[in-house]
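For reference, the chains in residue letters:
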Amino acid sequence: MSSARSIFISYRRRTSIDITGRIYDRLIAHFGENSVFKDVDSIPFGVNFRHHLEQEVSHCPVLLAIIDPNWLGVADDRGRPKLANPADWVRIEIETALQRDRLVIPVLVGGATLPEESDLPEGLKALAYRQSAQVRCDPDFHRDLDRLIHRIEGVFSGLDAGLTALGRERSESSAPTSSAPASLIDELAAALAIANQTVAPPRMGRRRWLRMMGLGLVGSGSALAIHQRVPALQTLRTGKPSMPDLSTLPQRIQTALEQAEAAIVSPDLATDLGTSELGTPDLETPEPASSVPGLGTASSELYSYESVSVDEFGMGRSQIKFSTPSHKALRLETPIGQVLLRLVAIVGGQFVLGAPASEPGHDATQPAQTIASVESFWMSVHPITQGQWRAVAQLPKINLDLNPNPAYFTGNDRPVEQVSWHEAVEFCDRLSRFAENRLNQLGTTPATSGLTRYRLPTEAEWEYACRAKTTTPFHTGQTLTTDLANYNGTQPYRQEPPGQFRGTTTAVGAFGKANDFGLYDMHGNVLEWCSAQPNAAAGDTWQVVRGGSWQSPPQQCRSAFRLGRKADTRSNEVGFRIVGEAVQS
């Protein structure tokens, strides 16, 4: 189901197939055959039918629950009420629509009445409070359907108006005041009221609300971000935009300002964010003259990037431009010429490691959520490319030989893959030796010259860097789209339209959107090796990869997703990125 004006009909074949058929005929005559979903015969063999039904229902903003006089009493072959079975298809359909806040309209046929709350299983109790529509037999059938169609048209019109207002690009260049978007708020509130009068607008977190309002926060003169609303990143899907509780807005803004002013940033990692125009990292830009040849240091040259967030429909909610001088351009003076490797500073902190059980795609076998802390570090803004790999592979051997051209999908700007965990460690060791030798030749120290040790990130560092202060499944928000990352998007994660499956890696940074830390390709393209677990047994042959790959479904590209691979694995799905640190002598 891909239409933005889609209707799902949930019904019992055993008791209401005839009247449902008539309703279906009227609806497709008005909305079109591709806009009404009625039967589930198309579920492929071997597919999880619960997941399939949930996806189909999620793609439709309206669900009609056809309720006939025997709807509650329909029993299975053993005489048990079907609705009491959590695997009952009708129950799954309606529960999914209620949980995902779709507009659920009970359609009473054959003289049925709306069930009482006490007669419904837990997941369906909210159905008892939904405004119902009555559809009678002739001569009233068509009049009743006219009213129902008019009601649905009102829903679609209200949502279209609200979402169009949400996607309208703000023309003012300066930061708005809290009263500026009053008309927009009124429009969205009206859309929500039309769409579903029985459900209160969901609350929005401070971070997302501040983004959506377009507020630029300044904390102790150390950071400035330009926030602007942009049109949808792809074809708009119908959905109800989230609205904040406006009564708490002044307090929330004040709290955000106080937290920004109280932020303590390490001097050597100060992220002085400017307002320059968007520019993706240019790996051919000459390194500033103030840097140490062959090493690179933080410089006044601004590293500029752009991040976006999307809602569960894949609709662009906010776009933020950043510029920071807190980056290093590592210039590798290798036997085959100069190669640049850019790293960005990441200020450490505490965060929640892992995913909640309620997150779609969560695996109960994964470790439980925990509070984790990381120290400040530097991380390569991309996965290591084939050009960077080839340059380091020419450096003197430490422990292992390195194939200079291991990748299956070739291209200097594509991520290197088909490298084992041990080979990734060898890459880091060679790079560290190279940096140390350059420092010794120049007679400088790590404290004055920058990074001297390179390694794989720990799992905590990787997830902290990927999340970039977010708590959603992806750093882009509630879902991911194939306009923003390279993965198998043919099966949507939430309610975004199905995306594409490219079947190959793509050049690093090809989508032009980083996370708020300035890191590209954290979701998809290639899985990334992490460093050995601190409590790993000696000789452990398994290591962890994170981030998903070009052929991973979106569930496996989440910030919290982790997977074990044997350390000697070479796969065209697996690459890595590096962390840099200064080792004091």
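Residues numbered from 1 in each chain as written. Predicted model: local features only at pLDDT ≥ 70, side-chain atom pairs only at ≥ 80, totals over all residues. Heavy atoms only, no water.

S.K.: What am I meant to see in the sheet that holds strand β15 (residues 527-529) here?
M.R.: Backbone hydrogen bonds hold the strands of a sheet together, and the pairing may be parallel or antiparallel. The sheet built from four strands is open, its strands ordered β17-β16-β15-β18 with mixed pairing. Whereas interior strands pair on both sides, the edge strands pair on one side only; in this sheet they are β17 (562-566) and β18 (574-575). Against the sheet, helix α11 (residues 459-467) makes contact with β15, β16 (542-546) and β17, and its axis sits at roughly 5° relative to β16, the strand it touches most. (Pairing = 2+ DSSP bridges. Helix = DSSP H or I, 4+ residues; strand = E, 2+ residues; numbered from the N terminus. Contact = heavy atoms within 4.5 Å. Axes fitted to C-alpha atoms, helices over the stretch in contact; angles between N-to-C directions.)

S.K.: What am I meant to see in the sheet that holds strand β5 (residues 133-135) here?
M.R.: Overall, parallel pairing links the five strands, which are arranged β2-β1-β3-β4-β5 in an open sheet. Strand pairing shows two members of the sheet lacking a second neighbour, β2 (36-37) and β5, which therefore form its edges. Pairing analysis gives two bridges linking strand β1 (residues 7-10) to β2, with the strands arranged parallel. Pairing of Phe8 across the sheet is with Phe37, part of β2.

S.K.: Just to check I follow, could you spell out the pattern of salt bridges for this structure?
M.R.: A side chain of one charge can pair with a side chain of the opposite charge when the charged atoms of the two come close. The final tally for this structure, using the stated rule, is 23 salt bridges. A salt bridge links Glu306 to Lys513; its shortest N-O distance comes to 3.4 Å. Remark: Lys513 occurs in the loop between α11 and β15 and Glu306 occurs in strand β7 (residues 303-310); sequence separation between them is 207 residues. Notably, a salt bridge pairs Glu581 with Arg453, separated by 2.3 Å at the nearest N-O pair. Highlighted residues: Glu581 in strand β19 (residues 579-581) and Arg453 in strand β14 (residues 453-455), separated in sequence by 128 residues. A cluster of three or more residues bridged by salt bridges with shared partners is formed by Arg136, Asp140, Arg143, Asp144 and Arg147. (Salt bridge = Lys/Arg side-chain N within 4 Å of Asp/Glu carboxyl O.)

S.K.: Mind showing me how you'd approach unusual backbone geometry here?
M.R.: The omega torsion of the bond from Asp138 to Pro139 falls at 15°, within 30 degrees of zero and hence cis. Following the sequence through the fold, Pro139 ends up in the loop between β5 and α4 (141-167). We note that Asn525 has phi near 75°; this positive angle belongs to a residue other than glycine. Here Asn525 shows up in the loop between α11 and β15. Asn525 gets classed as buried once you look at its relative accessible area, which sits at 0%. (Buried < 20%, exposed > 50% of the residue type's maximum accessible area, 1.4 Å probe, protein only.)

Just distances and angles here, no functional claims.
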